[in-house]
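Below are the chains, spelled out letter by letter.
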Amino acid sequence: MEACYSPEKLNVTTYKAMVMAIITLQTFAGMWINAFIVSVLCIAWVRKESFNSIEKILLCLGCSRFWYMCIIWVYFFFKIIYHQCFSVHPLPQLFAAIENFFNCANFWVSACLSVFYCIKIANFRHIFFIYLKAKIDRIVPWLLWGSVLLSLIIGILTYEISDEALCDVNCTTQNSFWKPNIRIDQHFFTLYFLAGFGFAIAFTAVISSALLLLFSLWRHKHKMQTKSVKDLSVDAHVKAMKSILSFLVIYSINFLCLVLRMIYSIKVENGEKFLILVVQYASPAVHSLILIFSNPKLEKTLLRTLSWVKCKICMR
């Protein structure tokens, strides 16, 4: 997360107003999409009083992305509108820690989704894989709790590193405010490395899942070449591959944005940095939208909701 480094007074310029408007539209769209996922799954949970593994993963993913969008909007709101208030200790550290917590949770839970698809759908005769397939529904809650725990550790480390860096560079002994004229991003390469390390592990899990699913699909289609009937297993493979590949594309974009943020971190304000942030913050919302249209229950509910809204608007 970018820190405050501009000594401007409390005023909203045309550029800042445009930035705030874009961020607001982007984050509120992401919050709406993920709030829709969470609400649909919670309603279904209350009605049938049971939750399958895929719904648990999607619920955790929707919650993490919803709060991730919230913290991003609050961060920019304080940074642009109430710049001086944002400089009060320990707000910068808290925002950095909370953002990293939800961002890591987002990537780890997405990786869990990819691993779940791979184990549930791929067909391998190895005894370990058969064991995982039989126990995957029991393993999923532990994977989710592990994702939360690792994200919490990342968040705590982020707070400690941010606090130490800010104290070394910006802390004064006379008051509790941070000097905003110091560009502290250049001191945060440790945070970027930490985030990159977490993303790399998630990326490894997604790549492995995609390759295993692709190999399983190729082998299964090779066996079914002589049959003309439609095979449901192939359809399941294809749907899972679409979901995993979509996350792989989203991950690649986020990782590229992370590298570019490191490159531009020594610059104060520029359009390139803002464009990078816009692309990075749009990625979770886009992936959630893809997940909605790849899930029959969510897609049907969304289309029904949009149809109801359209009818209400036409009646006015």
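For every chain, the first residue of the written sequence is number 1, and numbering continues from 1 onward in sequence order. In keeping with the model being predicted, local features are shown solely for residues with a pLDDT of at least 70 and side-chain atom pairs are shown and tallied solely at 80 or more, while totals for entire chains, interfaces and linings include all residues. Only heavy atoms go into the side-chain values, all of them from the structure, while hydrogens and water stay out.

Draft legend 1. Seen up close, a nonpolar patch on the surface. On the surface, Leu149, Leu150, Leu152, Ile153, Ile156 and Leu157 cluster together into a nonpolar patch covering about 520 Å² of accessible area. A helix here means a DSSP run of H or I that spans at least four residues, while a strand means a run of E at least two residues long, and both kinds are numbered starting from the N terminus. Mapping Leu157 onto the fold places it in helix H5 (residues 127–169). Given a relative accessible area of 37%, Leu157 falls into the partly exposed group. Surface patches are drawn from residues lacking salt bridges whose relative accessible area is over 30%; two like charges belong together within 9 Å, two nonpolar side chains (Val, Leu, Ile, Met, Phe, Trp, Tyr) within 5 Å. Reported accessibility uses the Shrake-Rupley method at a 1.4 Å probe radius. Residues are deemed covered only where the shown protein chains occlude them. By definition here, a salt bridge exists when the distance from a side-chain nitrogen of Lys or Arg to a carboxyl oxygen of Asp or Glu is within 4 Å. We call a residue buried when its accessible area falls under 20% of the maximum for its residue type, exposed when it is over 50%, and partly exposed in between, using a 1.4 Å probe and counting protein chains only.

Draft legend 2. View of the side chain of Gln280. Summarising the element assignment, Gln280 is placed in helix H8 (residues 271–294). Take Gln280: its relative accessible area is 2%, and that puts it in the buried class. Those residues in contact with Gln280, other than ones at most four positions away along the chain, are Asn254, Cys257 and Arg261. We call two residues contacting when some pair of their heavy atoms lies within 4.5 Å.

Draft legend 3. Spatial organisation of the environment of Phe193. In this fold, Phe193 is placed in helix H6 (residues 189–223). Here the alpha-carbon distance between Phe193 and Val259, two residues 66 residues apart in the chain, equals 9.6 Å.

Draft legend 4. Broad picture of the packing of helix H2 (residues 53–80) against helix H4 (residues 91–121). With axes taken as lines fitted to C-alpha atoms, and helix axes fitted only over the stretch in contact, angles between N-to-C directions fall between 0 and 180 degrees. Where H2 meets H4, the closest approach of the two axes is 9 Å, and the angle between their N-to-C directions is 155°. Relative to H4, the element H2 lies roughly antiparallel. Every pair of crossing elements has a handedness; the one defined by H2 and H4 is left-handed. Any residue that is not Ala, Val, Leu, Ile, Met, Phe, Trp, Tyr, Cys, Pro, Asp, Glu, Lys or Arg is counted as polar, Gly included; the first ten are nonpolar and the last four charged. Its residues assigned to classes, the contact of H2 with H4 shows 20 nonpolar, 5 polar and 2 charged. Here roughly perpendicular refers to angles of 65 to 115 degrees, roughly parallel to angles under 35, roughly antiparallel to angles over 145, and oblique to all remaining angles. When the near helix sits turned anticlockwise from the far one by under a right angle, the crossing is termed left-handed; a clockwise turn instead gives a right-handed crossing.

Draft legend 5. Quick peek at the pattern of salt bridges. Within this structure, the stated rule accounts for 2 salt bridges. A salt bridge links Glu55 to Lys297, with the shortest nitrogen-to-oxygen separation between them at 2.5 Å. Of this pair, Glu55 sits in helix H2 while Lys297 sits in helix H9 (residues 296–315), and the two are 242 residues apart along the sequence. On the basis of relative accessibility, which here comes to 5%, the residue Glu55 falls in the buried class. On the basis of relative accessible area, Lys297 is assigned to the partly exposed category, the value being 31%. Asp137 serves as the salt-bridge partner of Lys120, at 3.5 Å between the closest nitrogen and oxygen. Taken together, the positions of Lys120 in helix H4 and Asp137 in helix H5 put the pair 17 residues apart, joining distant regions of the chain. Taking relative accessible area as the criterion, Asp137 reaches 38% and is therefore assigned partly exposed.

Draft legend 6. Geometry of the confidence of the model for the protein chain. When pLDDT is averaged along the protein chain, the result is 77; 76% of the residues meet or exceed 70. Each residue gets a pLDDT score, which is the predictor's confidence in that residue and runs from 0 to 100. The spread of mean pLDDT over the elements of the protein chain runs between helix H3 (residues 83–86), the lowest at 70, and H2, the highest at 89. Taken together, the stretch residues 1–11 has pLDDT below 50 and engages in 43 contacts with residues farther than four places along the chain or on a different chain. This model gives residues 171–184 a pLDDT under 50, and the stretch forms 39 contacts once residues within four places in sequence are excluded.

Draft legend 7. Just the packing of aromatic side chains, in detail. Aromatic contacts are taken between Phe, Tyr and Trp rings whose centres are within 6.5 Å, Trp giving its six-membered ring; a plane angle under 30 degrees counts as stacked, one over 60 as edge-to-face, and the others as tilted. Summed over the entire model, instances satisfying the criterion amount to 12 aromatic pairs. Here Phe78 and Phe95 contribute two aromatic rings whose centre-to-centre distance is 6.1 Å and whose plane-to-plane angle is 55°, an arrangement assigned as tilted. With a gap of 17 residues between them, Phe78 in helix H2 and Phe95 in helix H4 connect regions that are remote in the sequence. A residue is classified by how much of its surface remains accessible, and Phe78, at 26% relative accessible area, is partly exposed. Accessibility expressed as a relative area gives 6% for Phe95, which makes it buried. Between Phe116 and Tyr117, the ring centres sit 6.4 Å apart and the planes meet at 55°, which makes this aromatic pair tilted.

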